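# Survey of secondary and tertiary structure
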Amino acid sequence: MNVDDIVRDALREQAAEQPPAAAGFADRVLAVRRRRRTRRIAAAAVVTVAVVAVGVGVPLLDSGKHDVRPSGGGGVVVEKKTKAHPDQSPPREEISVGGTTLAGYFIPDTVKKTAETAVYQRTYHLLNPKTGKYAKTVDWSWVAVAPGAKTAAVLEQDLPTSRIGLLDLTTGKVERWIPVERGVGGLAFSRDGRKLVATTYAKNPDLRVKTEGDIEWSPEWTSSRSGFYVLDVASGKGDWNEVKLASDDGELGGSVLNSRQDFALTDDGLHVWSGNPMGDIGKEFWDLKGNKVPTPAKDKHLQWYVDAGKSPDGSLVAGEFAGKRWKTSSWIVDAATGETTEVHGQQLLAWVGNKQLIAWDIGKNDKSEFHQRLVLVTIGSDKETPLSGFRQSDEGIEGEAGNAGNAGRWEPVFAQP
């Protein structure tokens, strides 16, 4: 799935105190989502919208049907299936566990365009399934990867775009384009991969501005999100649905969202949902025609800022930072009862079966909450298995405008089996 990808200094600190909300009570709240993502590690775990990619079940794509899937009983035997490189950061060779694959990663940067504007830009490094290595590409502003990590849905630079590409990750070529009438700025696949949700915007959701007195780039105060397509991947067909924005006082027409606040499909494919940082429950749901609906009972514990989402069997939900039993840990929530269990890991990124997850976490003796590596954690176990090397411990996630990016602060993109 969509993050990418949310206020600066004291305002940003306030944002970190409250799960999806942030300071400024509008987009500025979410000005540095990726930075708040790491700040929440220490405070309360706020991360950007998940853009964990899942499958595309069409003839063009490898749907991953031949992959070994985790059993419904929970958990997998990962010893024979794990590809880990704890000496590599960013990784150069494939990282995967039990069918869940690090299909790529991006290095963020803020690139100055004019004296008053910049763009939050992602430079992707995508896994070539044939070579087992990650290769850099500068063609895409947004990437969502299909199961088996062989195909991706991509958007060109200069968002919003008028077409969606289906990219063969082995050849690096777009095999098919899906044209759209409304400009698209974000993509997310359904759990079964047969549908693609495309979030539409009137302006680039990754635009950054610098107002008088500011020393850093920030997202605009208002969102330009306009609605969503639910597209059938096989045919490329689907309708656009308008979703109007609400103002701070609840009236339509204003904005209370991040400048980027993408839509995604629920696991059963029956509803579209997104975060609402200023809402009472932090999220909103619609049917596939764009009609607002109450929160489905089985999705009431979803958090838009926790990347891992629900377990494959739907029984558990990855929750936010806990830090109770261990210095760095997160909650696992029973989807039906709301009962919580603590598991190792600062940020839960992707499920491996129904009992294990891939997470960011610091080393045993680390004093910096920003010095993180990918680890495999297991519910009910104290054991962590390192999967990657450590990211740099500085906070320069977005990078300085005009530089070459901060390779030490790479952000993962996972493909589910």
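Our subject is the structure that appears above.
A brief look at the structure comes next. All figures in this text were calculated on a predicted structure; none of them were measured in a lab.

Turning next to the sheet that holds strand β19 (residues 329-334). One open sheet accounts for three strands, arranged β18-β19-β20; its pairing is antiparallel. Each edge of the open sheet carries a strand with a single partner, namely β18 (316-321) and β20 (340-344). Each adjacent strand pair in this sheet contributes to an overall mean axis angle of 35°, direction not counted.

Take K292: it is sitting in strand β17 (residues 292-293). For the pair K292 and V243, spaced 49 residues apart in sequence, the C-alpha separation works out to 8.8 Å. When near neighbours in sequence (up to four residues on either side) are disregarded, K292 contacts E284, F285 and W286. A polar contact of 3.0 Å, which involves the side chain of K292, links it to the side chain of E284.

Next up on the list: the sheet that holds strand β14 (residues 264-265). In spatial order, the strands read β14-β15-β16-β17; together these four strands make up an open sheet with antiparallel pairing. With one partner strand each, in any of the chains shown, β14 and β17 form the two edges of the open sheet. The pairing of β14 with strand β15 (residues 272-275) spans two bridges and is antiparallel. Residue pairing in the sheet places L265 in a bridge with V272 of β15.

Attention now goes to the pairing of strand β8 (residues 173-189). Bridge analysis of strand β7 (residues 161-168) against β8 gives seven bridges, and the strand direction is antiparallel. Across the sheet, residue D168 finds its bridge partner in β8, namely K173. Where β7 folds back onto β8 in an antiparallel hairpin, the turn is made up of four residues, including G172, whose phi is positive at roughly 75°. As judged from the five bridges shared by β8 and strand β9 (residues 195-201), these two strands associate in the antiparallel manner. Bridge assignment links V184 to a residue of β9, and that residue is T200. Linking β8 back to β9 in an antiparallel pair, the connection comprises five residues, with G193 at a positive phi of about 80°.

This part is about the environment of W286. Tracing the sequence through the fold places W286 in strand β16 (residues 283-286). Placed 13 residues apart in sequence, W286 and W273 show a C-alpha to C-alpha distance of 6.2 Å.

Attention now goes to the side chain of S141. Turning to its location among the elements, S141 is positioned in strand β5 (residues 140-145). Residue classification places S141 among the buried residues on the basis of a relative accessible area of 6%. Sequence-distant contacts of S141, defined by excluding residues within four places in its chain, comprise R122, Y124, L155, E156, Q157 and L159.

On inspection of all chains with the given rule, the structure shows nine aromatic pairs. Arranged with centres 6.4 Å apart and planes meeting at 55°, the rings of W140 and W177 form a pair that is tilted. Linking W140 in strand β5 with W177 in strand β8, this pair joins segments that are 37 residues apart in sequence. By relative accessible area, which is 8% here, W140 ends up buried. When the centroid spacing of 5.8 Å and the interplanar angle of 15° are considered together, the rings of W273 and F285 count as stacked.

What counts as what
- Residues numbered from 1 in each chain as written.
- Predicted model: local features only at pLDDT ≥ 70, side-chain atom pairs only at ≥ 80, totals over all residues.
- Heavy atoms only, no water.
- Pairing = 2+ DSSP bridges.
- Helix = DSSP H or I, 4+ residues; strand = E, 2+ residues; numbered from the N terminus.
- Axes fitted to C-alpha atoms, helices over the stretch in contact; angles between N-to-C directions.
- Contact = heavy atoms within 4.5 Å.
- Polar contact = N/O pair within 3.5 Å; in protein donor to acceptor, adjacent residues only side chain to side chain.
- Buried < 20%, exposed > 50% of the residue type's maximum accessible area, 1.4 Å probe, protein only.
- Phe/Tyr/Trp six-rings, centres within 6.5 Å; stacked < 30°, edge-to-face > 60°.

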